[in-house]
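What follows is the residue order along each chain.
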Amino acid sequence: MHRLPFAIGVTARAQRAGSGLFLNALRTLHSTSFATVTVDAISSSHPAEVKNLVQGEWKVSSGWNWLLDPLNGSPFIKVADVQEAEIEPFVHSLCRCPKYGLHNPFRAQDRYLLYGDVSAKAAQMLAQPQVSEFFARLIQRVSPKSYNQALGEVNVTQKFLENFSGDQVRFLARSFAVPGNHLGQQSHGYRWPYGPVAIITPFNFPLEIPVLQLMGALYMGNKPIIKVDSKVSIVMEQMLRLLHDCGLPREDVDFINSDGKTMNKLLREAKPQMTLFTGSSRVAESLAVDLKGRIKLEDAGYDWKILGPDVQEVDYVAWVCDQDAYACSGQKCSAQSILFIHENWASSELLSKMQLLAGRRKLQDLTIGPVLTVTTESMLEHIQKLLKIPGSELLFGGEELENHSIPKIYGALKPTAVFVPLAEILKPDNFELVTKEIFGPFQIITYYKHDQLTEVLNVCERMHAHLTAAVVSNDPLFLQEVLGKSVNGTTYAGIRARTTGAPQNHWFGPAGDPRGAGIGTPEAIKLVWSCHREIIHDIGPLPQNWEVPPPS
């Protein structure tokens, strides 16, 4: 047996301290025991493997999809890519789940408590520095962003799990009762699961979005199959392994890696009762048709910010604009796409400060980095088209990153802003070009006069922009006018307003679309992952001397 080398004359206090260090060391050794990869060792010579999970078993497929390191282009992860001919086990697994779900208010109620315990244990695990570091670094390897951005994603996920620990899961299924018309009659409203469901999530938040939606689906009693963009699915694979260690029943979740065509075929054959899709608007609309409307969407949008007439806190506003447009290299679904600046700000140093802040971003610390869905060539081409619009101007950026080894299938662009006059944006020939979403470090900037606010709001209404927005002003009348004439799901208002923000403490999702999903709150979970079921109890007794009435 190995012993710690305590001195013979050590004090009892020192012994306790030494024992604590020893126990902490043991916890450190085992805190990432769930992991099947060593983050910093992943490379072309030591590639990581990502498997699929179906009916409680981790499995590979007939082929591997090799992923390139987004920073140097070397193959470093191989993903077990399920082919169309291999979807039957996944279809069968979903079809085995009844429409009444794995639990509901009348059946297997102990599972509400089970998931409260799983959430508590998982939150405790993610709170350990070794575990949070593991996931933050893993996120950086596949979706390069600054360490603070990656760690922030882990922290939001940890807080979410903490929020839904203990009894909070069963509180999601709280019912209500309404008195009936006579003795013995009472109507009850219940939150009911859909049963078999599907979750499809994008690359930009490899941990936060899939975990929050997956756990919401499970809390309400559903059996989900989850597909995360294969470029980053290793993060969710490792998280599922952590959740299994925390008591998640292995058969409750299926996890698949495939291309879009294969997943579409699976959905059409398995016919899940509900599918949650987070991603591009184009794919969202196509899926809505294929799935006959059984879908909730958190699709991308062209997110706007309006600076009001009250100029104040210029340094702070410039910093928030920089964060909203360029954090995570502009690859947030809530990233600032267009900035409307009131003419009162023209004499301030706002734009020069934004340019200075953008210039601080470096590839070395990943405050700017690879763009995973748009190439450098296509972004530069878009910029050149914009600069042909009369009066347009390149404010800063517009160049490829220097001294990088990012592969050509990805993008490498300096933080960029292009000014386009409002009058030109309003022209039909320019509108589609100006409001084309570029999912990268790019934004449009324009000025407006106070009597042009209605025109600005008309532009906002015409854009595909129902996810997030920000109104930067403390002027109550200005806020009332803008908020009353706009439709955006998550809208920030006030001098500290931003377009990007973690959904740890508030609803995050679109508005103005009956298919709109939400994430992060009890209301979002109940909306997306359960439906209303009404049960009317009518147990009598019958009135004395009741007789069969005449026909009616």
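Rules of the game
Residues numbered from 1 in each chain as written. Predicted model: local features only at pLDDT ≥ 70, side-chain atom pairs only at ≥ 80, totals over all residues. Heavy atoms only, no water. Helix = DSSP H or I, 4+ residues; strand = E, 2+ residues; numbered from the N terminus. Rg over C-alpha atoms; globule rule 2.2 N^0.38 Å. Buried < 20%, exposed > 50% of the residue type's maximum accessible area, 1.4 Å probe, protein only. Contact = heavy atoms within 4.5 Å. Areas by Shrake-Rupley, 256 points an atom, 1.4 Å probe, with all protein chains shown as cover. Lys, Arg positive; Asp, Glu negative; His and termini not counted. Charge placed at Lys NZ, Arg CZ, Asp CG, Glu CD. Pairing = 2+ DSSP bridges. Axes fitted to C-alpha atoms, helices over the stretch in contact; angles between N-to-C directions. pLDDT = per-residue confidence, 0-100. Salt bridge = Lys/Arg side-chain N within 4 Å of Asp/Glu carboxyl O. Expected span 1.5 Å × (residues − 1). Parallel < 35°, antiparallel > 145°, perpendicular 65-115°, else oblique. Left-handed = near helix turned anticlockwise from the far one by under 90°. Nonpolar A, V, L, I, M, F, W, Y, C, P; charged D, E, K, R; others polar. Polar contact = N/O pair within 3.5 Å; in protein donor to acceptor, adjacent residues only side chain to side chain. Domains from an automatic or database assignment. Buried area = accessible area lost by both parts, 1.4 Å probe.

**Student:** Hey, could you run me through the overall build of the protein chain in this one?
**Tutor:** Across its full length, the protein chain holds 18 helices and 20 strands. The C-alpha radius of gyration computed for the protein chain amounts to 26 Å, which stays within 12% of the reference 24 Å derived for 552 residues, consistent with globular compactness. For the protein chain, the C-alpha atoms occupy an extent of roughly 90 × 85 × 60 Å along the three principal directions. Counting all 552 residues of the protein chain, 54% fall into the buried class. Within the protein chain, contacts between residues at least 6 apart in sequence are counted, and of these 75% link residues at least 24 apart. With the model as given, the accessible surface of the protein chain reaches about 24,700 Å², and the carbon-plus-sulfur share is 53%. Averaging the locations of the 52 positively and 56 negatively charged side chains of the protein chain gives two centres separated by 6 Å.

**Student:** Even after reading the chapter, I still don't get the sheet that holds strand 6 (residues 176–179), so can you show me in this structure?
**Tutor:** Pairing between sheet strands relies on hydrogen bonds along the backbone, with the strands arranged either parallel or antiparallel. Read from one edge to the other, the open sheet built from three strands follows the order 6-7-20, with strand pairing classed as antiparallel. One side of each edge strand has no neighbouring strand; the edge strands of this open sheet are strand 6 and strand 20 (531–538). Neighbour-to-neighbour, the strand axes of the sheet open up by a mean angle of 20°, direction not taken into account. Where strand 7 (residues 185–192) meets strand 20, eight bridges bridge the pair, whose relative direction is antiparallel. Its bridge partner lying in strand 20, His188 is registered against Ile535.

**Student:** Is there a simple way to explain the confidence of the model for the protein chain in this structure?
**Tutor:** Put simply, the protein chain has an average pLDDT of 92, and 93% of its residues get 70 or more. This stretch, residues 1–29, has a pLDDT under 50; its non-local contacts, to residues over four places away or in other chains, come to eight contacts.

**Student:** Can you help me understand the pairing of strand 4 (residues 63–68) in this one?
**Tutor:** Two faces belong to every sheet, and in a regular strand the side chains alternate between them. For strand 4 and strand 5 (residues 75–81), the ladder comprises six bridges, and the chain directions are antiparallel. When the bridges of strand 5 are listed, Leu67 appears paired with Ile77. Here strand 4 folds back onto strand 5, and the loop between the two strands holds six residues, one of which, Gly73, carries a positive phi near 80°.

**Student:** Would you mind showing me how to read the pattern of salt bridges here?
**Tutor:** Between side chains of opposite charge, a pair can form as their charged atoms come close. Summed over all chains, the structure comprises 23 salt bridges. Two residues, Lys223 and Asp254, come together in a salt bridge whose shortest N-O distance is 3.8 Å. One end of the pair, Lys223, is in strand 9 (residues 223–228); the other, Asp254, is in strand 10 (residues 254–255), with 31 residues separating them in the sequence. Of the residues examined, Lys223 reaches a relative accessible area of 6% and is grouped as buried.

**Student:** Honestly, helix 11 (residues 314–326) in this entry has me stumped. Any pointers?
**Tutor:** One turn of an α-helix holds 3.6 residues; hence residues three or four places apart share an orientation. Across its 13 residues, helix 11 extends 18 Å between first and last C-alpha, which sits within 8% of the 18 Å expected from 1.5 Å per residue. Positive backbone phi, at 55°, marks Cys328, one or two positions downstream of helix 11.

**Student:** Hey, could you run me through the packing of helix 11 against helix 12 (residues 350–359) in this one?
**Tutor:** Describing two packed helices takes the angle between their axes plus the distance from one axis to the other. Two elements in contact, helix 11 and helix 12, have axes separated by 9 Å at closest approach and are oriented at 50°. Overall, the two elements helix 11 and helix 12 adopt an arrangement that is oblique. In this structure, the crossing between helix 11 and helix 12 has a hand that is right-handed. Residue-level contacts link Val314, Asp315, Val317, Ala318, Trp319, Cys321, Asp322 and Tyr326 of helix 11 to Leu350, Lys353, Met354, Leu357 and Ala358 of helix 12.

**Student:** Quick question: what am I supposed to make of the sheet that holds strand 5 here?
**Tutor:** Taken in spatial order, the three strands line up as 1-5-4 in an open sheet, and their pairing is mixed. At either margin of the open sheet sits one strand with a lone partner, and together these are strand 1 (48–50) and strand 4. Neighbouring strand axes in the sheet, compared pairwise and without regard to direction, differ in orientation by 25° on average. Packed onto the sheet, helix 8 (residues 233–245) meets strand 1 and strand 5 and runs at close to 75° relative to strand 1.

**Student:** Looking at this structure, I do not really get the packing of helix 3 (residues 110–127) against helix 8. What am I missing?
**Tutor:** One can describe the packing of helix 3 onto helix 8 by two numbers: an axis separation of 9 Å at closest approach and a directional angle of 120°. Considering their axes alone, helix 3 and helix 8 lie oblique with respect to each other. You can see that helix 3 and helix 8 cross each other, and the crossing is right-handed. Only Met239, Leu242 and Leu243 of helix 8 make contact with helix 3, whose side of the interface consists of Val118, Ala122, Met125 and Leu126. Of the residues that constitute the contact of helix 3 with helix 8, the class distribution is seven nonpolar, no polar and no charged.

**Student:** Would you take a moment to explain helix 5 (residues 147–163) for this structure?
**Tutor:** Its 17 residues place the ends of helix 5 24 Å apart at the C-alpha level, agreeing with the 24 Å of an ideal helix rising 1.5 Å per residue. Among the residues of helix 5, Gln149, Ala150, Leu151, Glu153, Val154, Val156, Thr157, Gln158, Phe160 and Leu161 are the ones counted as buried. Lining the buried residues of helix 5 we find helix 3, helix 4 (129–142), helix 7 (208–219), helix 8, helix 11 and helix 18 (522–529).

**Student:** Before we go on, may I ask you to explain the side chain of Arg111 in this structure?
**Tutor:** In this structure, Arg111 sits in helix 3. A polar contact is formed between the side chain of Arg111 and the side chain of His103, at a distance of 3.0 Å. When near neighbours in sequence (up to four residues on either side) are disregarded, Arg111 contacts Leu102, His103, Pro249 and Asp252.

**Student:** Explain the domain arrangement of the protein chain here, please?
**Tutor:** Note on interface size: it is often stated as the accessible area lost on association of the parts. Along its sequence, the protein chain is carved into domain 1 (84–299 + 522–531) and domain 2 (303–493). Centre-to-centre separation of domain 1 and domain 2, based on C-alpha positions: 32 Å. Opposite the 14 residues of domain 1 that make contact, domain 2 presents 17 residues. Between domain 1 and domain 2 the total buried area reaches about 1,300 Å² when both faces are included, carbon and sulfur atoms providing 64% of it. Considering only the surface of domain 1 that becomes buried against domain 2, Pro144, Gln149 and Phe203 emerge as the three largest contributors, covering 38% of it. At the boundary of domain 1 and domain 2, one finds zero salt bridges.

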